[in-house]
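Take a look at the letters that make up each chain.
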Amino acid sequence: LRTDERVIRGLADLRRARGGQGARLLGGRLVLLWGSDAIREVLDASADVYASDAGAKGKGMAHFHPDALTMSRGAEWRDRRAFNESVLATREQAHPAADRFVGVVADEVGRVHLGGGLRWEDWAGLFDHTTLRVIFGDRARGDQELTGLLEQLMSEANRLVGLSENDAYFELYGRLERKLQDPEPGSLLARFAEAPQTDTTRVVHQIPHWMFAMRNTLGANTWRALAAIVADTDVERRARGEIEGADLSSASEVSGLTYLEGCLAEAMRLWPTTPILARETTRATTLAGEELDEGTQVMIFNTFNHRDPDSADDLGAFKPERWSSGEVDYRFNHLSNGAQDCPGGPLVYLLGKAVLAHVLSGYDLTLREPALEPGGPPPYALDGFETRFSTQPRA
């Protein structure tokens, strides 16, 4: 149906007609933002003036992690944010367990059978095992029932109606509580004891978000990044050149793969797995000089803003070097920005780059489906389920 393309073109027309930082729709009950200044206002005041736990998103996500950081506001959000930042080492130069995590990736990539090519099912299995080992430790590698329970609850949450706590919910949290009783050294769970926490934190409720963010979201992002890299010989040559000079057993050297990081960031920008950031005003406020009532829905449409043709000339191109400066750009929110930016951002890039680097260093790949034009404009959507590679071990 070319839905993404039609949305982008339609919103580009709306922006040209309205101008400014955004548009008020539905009698002012909904505000759609495209200006970076207004987006900054909202994201810098998120979890306080602008809450992310309301509406359909809040109702759905509450089905499987009602007390997660992303479902919190005010004092509860600050409490849970401090815990998440401590466990995920958000503000540290490198995660204390980074070398172990890179070793887990190397081991899991080595276990993937690539003799018959590479399909999404192979990639999903790779991220399933990696997620379990990073969060819970090596003993959890085969516990696909745990990720299966979360997947069931997430699927149910998409219904939005008739949701209630059920056997799968209690089974999931019972399993998580038991794993927390005996945390494996080097896992994320092993950092819980030293992280700041209170009764408000609800530590076990923070885990499911890490599970699907690492297993589902990061898996999809790296898969699309691999397709974009392999489809363009110049991009692939530069990525391989950077990888060949690095010791991939060293987390610090994996972290230094800046061009590969740009490839991953570009894939997340072009095909955001979070197409919309939805917020709701918790009280009457002003935004970009306009008065908003309490309960106003504020939408940041990543699918459009990441490719807005009037924002810059080259946003429809795959350009990994775009990210070389390291500057924060509030137009691009695949990991969000401001107060509620992703506390696992550094870990996302570390694991994503480690997977891409080990696959590219071990194999020559050819993208069989879909057909991407080298150097040409990337498609508006990229169906990971239909993406396929042929593979051959590198000499």
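In this report, we go over the structure that sits alongside the text. Counting restarts for each chain, with residues numbered from 1 along the sequence as it is written. Local features in a predicted model are, by the rule used here, given only for residues with pLDDT of at least 70; side-chain atom pairs are given and counted only at 80 or more, and totals for whole chains, interfaces and linings are based on all residues. The side-chain numbers reported here are obtained from all heavy atoms of the structure, hydrogens and water having been left aside.

## What about the pattern of salt bridges?
Heads up, the rule is: One side-chain nitrogen of Lys or Arg within 4 Å of one carboxyl oxygen of Asp or Glu is enough to make a salt bridge. Every helix listed is a DSSP run of H or I at least four residues long, and every strand listed is a run of E at least two residues long, numbered separately from the N terminus. Remark: exposure states derive from per-residue accessible area (1.4 Å probe, protein chains only) relative to the maximum for the residue type, with buried under 20%, exposed over 50%, and partly exposed in between.
Applying the stated criterion across every chain yields a total of 44 salt bridges. A salt bridge links Glu-5 to Arg-9; the shortest N-O distance between them is 3.1 Å. On the criterion of helical spacing, the pair formed by Glu-5 and Arg-9 is a turn pair, its members being four residues apart in helix α1 (residues 3-18). Taking relative accessible area as the criterion, Arg-9 reaches 48% and is therefore assigned partly exposed. Glu-386 is the partner of Arg-388 in a salt bridge, and the nearest nitrogen-oxygen pair spans 3.4 Å. Members of the salt-bridge network, linked through shared partners, are Arg-100, Asp-107, Glu-108, Arg-111, Arg-133, Asp-138 and Arg-141.

## Describing helix α2 (residues 36-44)
Stated precisely, the cut-off is as follows: Relevant arc is that of directions from the helix axis to the C-beta atoms, nothing else. By the convention used here, residues are in contact when the closest approach between their heavy atoms is within 4.5 Å.
If you check which residues of α2 are buried, you get Ala-38, Ile-39, Val-42 and Leu-43. For α2, the angular spread of buried residues about the axis comes to 130°, placing them on one side. At its buried positions, α2 is contacted by β2 (30-33), β3 (50-51), β5 (276-281), β6 (285-287), β8 (297-301) and α13 (302-305).

## As for the state of the cysteines
So the rule is basically this: Disulfides are defined in this document as cysteine sulfur pairs within 2.5 Å.
A full pass over the atoms with the stated rule returns zero disulfides. Cys-263 takes part in no disulfide bond, and the closest cysteine sulfur to it belongs to Cys-342, at a distance of 20 Å. By relative accessible area, Cys-263 is classed as buried at 0%.

## With respect to the sheet that holds β5
What counts, and what does not: Two strands are counted as paired when DSSP detects at least two bridges linking them. Each axis is a line fitted through C-alpha atoms, taken for helices only over the stretch in contact, and angles between the N-to-C directions span 0 to 180 degrees.
One open sheet accounts for five strands, arranged β1-β2-β8-β5-β3; its pairing is mixed. With one partner strand each, in any of the chains shown, β1 (22-25) and β3 form the two edges of the open sheet. Inspection of the sheet shows β1 paired to β2 by four bridges, in the antiparallel sense. Residue pairing across strands places Leu-25 opposite Leu-30, the latter belonging to β2. Where α1 meets the sheet, it contacts β1, β2 and β8, and its direction lies at approximately 95° from that of β1.

## Here's the deal with the packing of helix α5 (residues 98-111) against helix α14 (residues 345-362)
Two numbers describe a pair of packed helices, the interaxial angle and the distance between the axes. Counted only if it meets this: Working rule for handedness: look at the near helix, and if it is turned counterclockwise from the far one by less than a right angle, call the crossing left-handed; if clockwise, right-handed. Polarity classes work like this: nonpolar for Ala, Val, Leu, Ile, Met, Phe, Trp, Tyr, Cys and Pro, charged for Asp, Glu, Lys and Arg, and polar for all others, with Gly in that last group.
As a packed pair, α5 and α14 sit with axes 9 Å apart at the nearest point and diverge in direction by 35°. α5 and α14 meet at a crossing whose hand is right-handed. Contacts between α5 and α14 pair Ala-98, Phe-101, Val-102, Val-105, Ala-106 and Val-109 from the former with Leu-347, Leu-350, Leu-351, Ala-354, Val-355, His-358 and Val-359 from the latter. Of the residues that constitute the contact of α5 with α14, the class distribution is twelve nonpolar, one polar and no charged.

## Quick notes on the packing of helix α6 (residues 120-136) against α14
Operational definition: Note on terminology: angles under 35 degrees are roughly parallel, angles over 145 are roughly antiparallel, angles of 65 to 115 are roughly perpendicular, and the others are oblique.
Orientation of α6 relative to α14, taken along the N-to-C sense of each, is 135°, at an axis distance of 13 Å. What the angle tells us is that α6 and α14 run oblique. Like other packed secondary-structure pairs, α6 and α14 cross with a definite hand, here right-handed. Along the contact surface, α6 presents Trp-123, Leu-126, Phe-127 and Val-134, while α14 presents Leu-351, Val-355 and Val-359. Looking at the contact of α6 with α14, its residues break down into seven nonpolar, no polar and no charged.

## Remarks on the side chain of Glu-236
Take Glu-236: it is sitting in helix α10 (residues 233-244). Among the residues examined, Glu-236 registers a relative accessible area of 13% and is labelled buried. Every residue in contact with Glu-236, bar those within four places of it in the chain, is listed here: Ile-229, Val-230 and Leu-365.

## A short note on the sheet that holds strand β4 (residues 118-119)
Overall, antiparallel pairing links the three strands, which are arranged β4-β10-β9 in an open sheet. For this open sheet the edge positions go to β4 and β9 (363-369), each flanked by a neighbour on one side alone. Across the sheet, helix α9 (residues 207-231) touches β4, β9 and β10 (388-393), and the angle it forms with β9 is around 95°.

From the geometry alone we can't say anything about function, so treat these as descriptive.
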